[in-house]
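Chains, contacts and geometry: an overview
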Amino acid sequence: MAKLLVALCLGLLTLVTATAADELPRVVVYATGGTIAGKSNGGSSETTKYSAGQVTAQQLLDAVPEIANVSHVDAVQFTNLGSNRLNTSLVLELSKNISASLASDKYAGAVVTVGTDTLEEVAYFLDLTVDSPKPVVIVGAMRPTTALSADGPMNLLQAIRATVHPSSRSRGALVVLNDRIGSAYYTTKTNSRTLDTFKAIEQGYLGTFVDGGEPLYYFTPSRPTGRRFFNISALHILPKVDILYSYLDMDPMLLRLTVEHNGAKGIVIAGEGDGEADRTWLPEMVGLMARGVPVVTSTRTAAGTVGAGLNFGNGTASIPASTLNPPKAKILLQLALAQHPSDVSAVASAFKGV
Ligand SMILES: *[C@@H]1O[C@H](CO)[C@@H](O)[C@H](O)[C@H]1NC(C)=O
Ligand SMILES: *[C@@H]1O[C@H](CO)[C@@H](O)[C@H](O)[C@H]1NC(C)=O
Ligand SMILES: *[C@@H]1O[C@H](CO)[C@@H](O)[C@H](O)[C@H]1NC(C)=O
Ligand SMILES: *[C@@H]1O[C@H](CO)[C@@H](O)[C@H](O)[C@H]1NC(C)=O
Ligand SMILES: *[C@@H]1O[C@H](CO)[C@@H](O)[C@H](O)[C@H]1NC(C)=O
């Protein structure tokens, strides 16, 4: 009798566990490489001399068995590269594939693992080009898998917890690292080495993780004020845009060379302060804008906005990048140029209110 009861209880337990597991949401993880998949031969204290993109998507997930209690996961090995080897053609394809996955009822959301060096560009791109209330969570790590206190496994678990949580919906793409949730639109890498590198200096974080890993949001869902959606379904390549860094003695000839010899269809200037450069640049900038080559002025400082000045940013010499740092301004300029080739005023409208 006792044996029968035990058997019955065990059976019931198996049934309950099975049902609970079946009810778990399903997430698709697009792995692109990066430090989160990195390995060093230099021992556990080596955190800088390592190779990115050595561990497969499935190995990454297998290293975090706790995920099995949170979500079913389908792993897609999109690339396995350091983020400095990605390009916007790959990110274009990544965005399309994520949109296709999210269109299916099968998935509650998508996670993207990516190297941290260009993570903010990939995240910003996905925020502008994926149109879904389902979460797209971008995650990386600052320490390779072989390091002491590697941050990748916990970051990945938290990314998956954030992806399946109902409060994460309708917030656009999110960045999860170091116990924090940030908006992909505003978050940037602020330190080349430390774990607490991803921040939005002006706008802050959207939330954190509590109670064994539940996301806690400080605000109800909303989108950044200037965020626009770009439909990229017909695009395979984006127009070339270069970024020029402004500094004392920089030659204005570089502006013309960038266009005439490097094929740039637009230029972003990482300007001094609120988007300025040497005044000798102005005639060259006005000339390029008049020829249908948009020049966008952003800032080389770590934070702040760039608005319209009397010369730089005045709409004739350049288009101000507002809150966008140079790499994000470059992504927006590429997407706007793809929609409106050589149309400086249409491009300027895309930058209004960003
Ligand atoms: C999954 O959850 C079960 C039930 O709470 C627990 O016994 C188990 O240890 C968990 N597994 C992991 C890997 O956290
Ligand atoms: C992305 O989707 C396209 C179209 O379905 C497919 O051909 C391609 O293999 C996918 N790319 C990756 C890396 O999964
Ligand atoms: C982007 O990178 C991929 C993979 O390395 C490469 O095949 C492709 O040619 C690159 N595209 C451009 C436009 O550079
Ligand atoms: C993007 O454009 C394509 C082709 O016009 C259309 O089929 C698709 O529905 C659009 N996607 C979104 C999200 O608007
Ligand atoms: C903007 O600045 C440029 C360069 O100084 C000047 O040529 C142009 O007239 C200015 N445009 C306006 C609208 O003030």
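Let me sum up the structure you'll find in this document. Keep in mind the model is a prediction, meaning the values are calculated, not measured.

It is worth spelling out the sheet that holds strand E12 (residues 266–271) at this point. The parallel open sheet is built from four strands, whose spatial order is E11-E12-E13-E14. Each end of this open sheet is capped by a strand with a single partner; those strands are strand E11 (241–245) and strand E14 (319–320). Relative to strand E13 (residues 295–299), E12 runs parallel, the two being bridged by five bridges. Considered in E13, the bridge of Ala270 is made with Ser298. Strands in contact with helix H7 (residues 282–290) are E12, E13 and E14; relative to E13, the strand with the most contacts, it is inclined by about 130°. Across the sheet, helix H8 (residues 326–339) is in contact with E11, E12 and E13; its angle to E12 comes to roughly 160°.

What follows is about the site of ligand 5. As a structural note, the neighbourhood of ligand 5 is formed by Leu282, Val286, Leu310, Asn311, Asn314 and Thr316. Within the side chain of Asn311, an N or O atom sits 2.7 Å from an oxygen atom of ligand 5. Here an oxygen atom of ligand 5 sits 2.3 Å away from a polar atom, N or O, in the side chain of Asn314. In the complex, the protein chains occlude 51% of the 360 Å² of accessible area that ligand 5 would expose alone. Split by residue class, the shell around ligand 5 holds three nonpolar, three polar and no charged.

The rules we used
Residues numbered from 1 in each chain as written. Chains lettered and ligands numbered in written order. Predicted model: local features only at pLDDT ≥ 70, side-chain atom pairs only at ≥ 80, totals over all residues. Heavy atoms only, no water. Pairing = 2+ DSSP bridges. Helix = DSSP H or I, 4+ residues; strand = E, 2+ residues; numbered from the N terminus. Contact = heavy atoms within 4.5 Å. Axes fitted to C-alpha atoms, helices over the stretch in contact; angles between N-to-C directions. Near = heavy atom within 4 Å. Polar contact = N/O pair within 3.5 Å; in protein donor to acceptor, adjacent residues only side chain to side chain. Areas by Shrake-Rupley, 256 points an atom, 1.4 Å probe, with all protein chains shown as cover. Nonpolar A, V, L, I, M, F, W, Y, C, P; charged D, E, K, R; others polar.

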